[in-house]
Amino acid sequence: MLALLGPLGFRPSELWILTWGEAKDLLEAWRYREYLDSQKRAQMACWLLNGSGNLKHSINIADLVGYWVDGQVMGKGEYREFLEEKVRRKKVEKGGR
């Protein structure tokens, strides 16, 4: 509720107009927009870091901001576990038929 009043700029009187589902959708859209903005900043950081020539390995955007999966941001390790679990589930479904 505080995110609606703060970052989204709703007034308390306007909150009665929204349903909980609409509020949830607005918050989800705001979080995704923030993620996209952080990707833009990370792209600039990647250009600077990789262009400096001081790194042994190049860095990419996902290393800095993570991956957007099902409404949440996952780190590299979490994302790898998520994909491995997804593959395991598909194998079980395919083998179980």
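Parameters at a glance
- Residues numbered from 1 in each chain as written.
- Predicted model: local features only at pLDDT ≥ 70, side-chain atom pairs only at ≥ 80, totals over all residues.
- Heavy atoms only, no water.
- Helix = DSSP H or I, 4+ residues; strand = E, 2+ residues; numbered from the N terminus.
- Rg over C-alpha atoms; globule rule 2.2 N^0.38 Å.
- Buried < 20%, exposed > 50% of the residue type's maximum accessible area, 1.4 Å probe, protein only.
- Phe/Tyr/Trp six-rings, centres within 6.5 Å; stacked < 30°, edge-to-face > 60°.
- Contact = heavy atoms within 4.5 Å.
- Salt bridge = Lys/Arg side-chain N within 4 Å of Asp/Glu carboxyl O.

Engineer: I tried to follow the overall build of the protein chain on my own but got confused; where do I start?
Structural biologist: Counting secondary structure elements, the protein chain contains four helices and two strands. Seen in sequence order, the protein chain has helices and strands lined up from the N terminus as α-α-α-β-β-α. The C-alpha atoms of the protein chain give a radius of gyration of 19 Å, which is well past the 13 Å a tight globule of 97 residues would have. A total of 97 residues make up the protein chain; the buried ones form 13% of that total.

Engineer: Honestly, the packing of aromatic side chains in this entry has me stumped. Any pointers?
Structural biologist: Geometry of an aromatic ring pair is reported as the spacing of the ring centres plus the angle between the planes. This model, assessed by the stated rule, comprises five aromatic pairs. Note on Tyr79 and Phe82: the rings are 6.5 Å apart at their centroids and 20° apart in plane angle, and the pair reads as stacked. Of this pair, Tyr79 and Phe82 both sit in helix α4 (residues 76-96), three residues apart, which is roughly one turn of that helix. An aromatic cluster is present here, built from Tyr32, Tyr35 and Trp68 joined pairwise through their rings.

Engineer: What is the right way to read unusual backbone geometry from this model?
Structural biologist: Among all residues save glycine, negative phi is the norm, and among peptide bonds the norm is trans. Of note, the phi angle at Asp70 is positive, near 50°, even though the residue is not glycine. By the element assignment, Asp70 lies in the loop between β1 (67-69) and β2 (72-74). On the accessibility criterion, Asp70 (69% relative accessible area) is exposed.

Engineer: Quick question: what am I supposed to make of the environment of Tyr79 here?
Structural biologist: Taking relative accessible area as the criterion, Tyr79 reaches 24% and is therefore assigned partly exposed. Distance from Tyr79 to Leu26, taken between C-alpha atoms, is 25 Å for residues 53 residues apart in sequence. The residues contacting Tyr79, other than those within four sequence positions of it, are Tyr67, Val69 and Met74.

Engineer: Help me understand the environment of Cys46 in this model?
Structural biologist: Relative to the helices and strands, Cys46 resides in helix α2 (residues 20-52). Separated by 13 residues in the primary sequence, Cys46 and Ile59 have C-alpha atoms spaced 6.1 Å apart. Setting aside anything within four residues of it in sequence, one finds Cys46 in contact with Gly51, Ile59, Asn60, Ile61 and Leu64.

Engineer: Could you clarify how one ought to interpret the pattern of salt bridges in this entry?
Structural biologist: When the charged atoms of two side chains with opposite charge come close together, those side chains can pair. Per the stated rule, a full pass over the model turns up five salt bridges. A salt bridge links Glu85 to Arg89, with the nearest nitrogen and oxygen atoms 3.9 Å apart. Here the residue Glu85 and the residue Arg89 both occupy positions in helix α4, the gap between them amounting to four residues, near one helical turn. What makes Glu85 partly exposed here is its relative accessible area of 34%. Arg89 sits in the partly exposed class, given a relative accessible area of 41%. Connected via shared salt-bridge partners are Glu85, Arg88 and Arg89.

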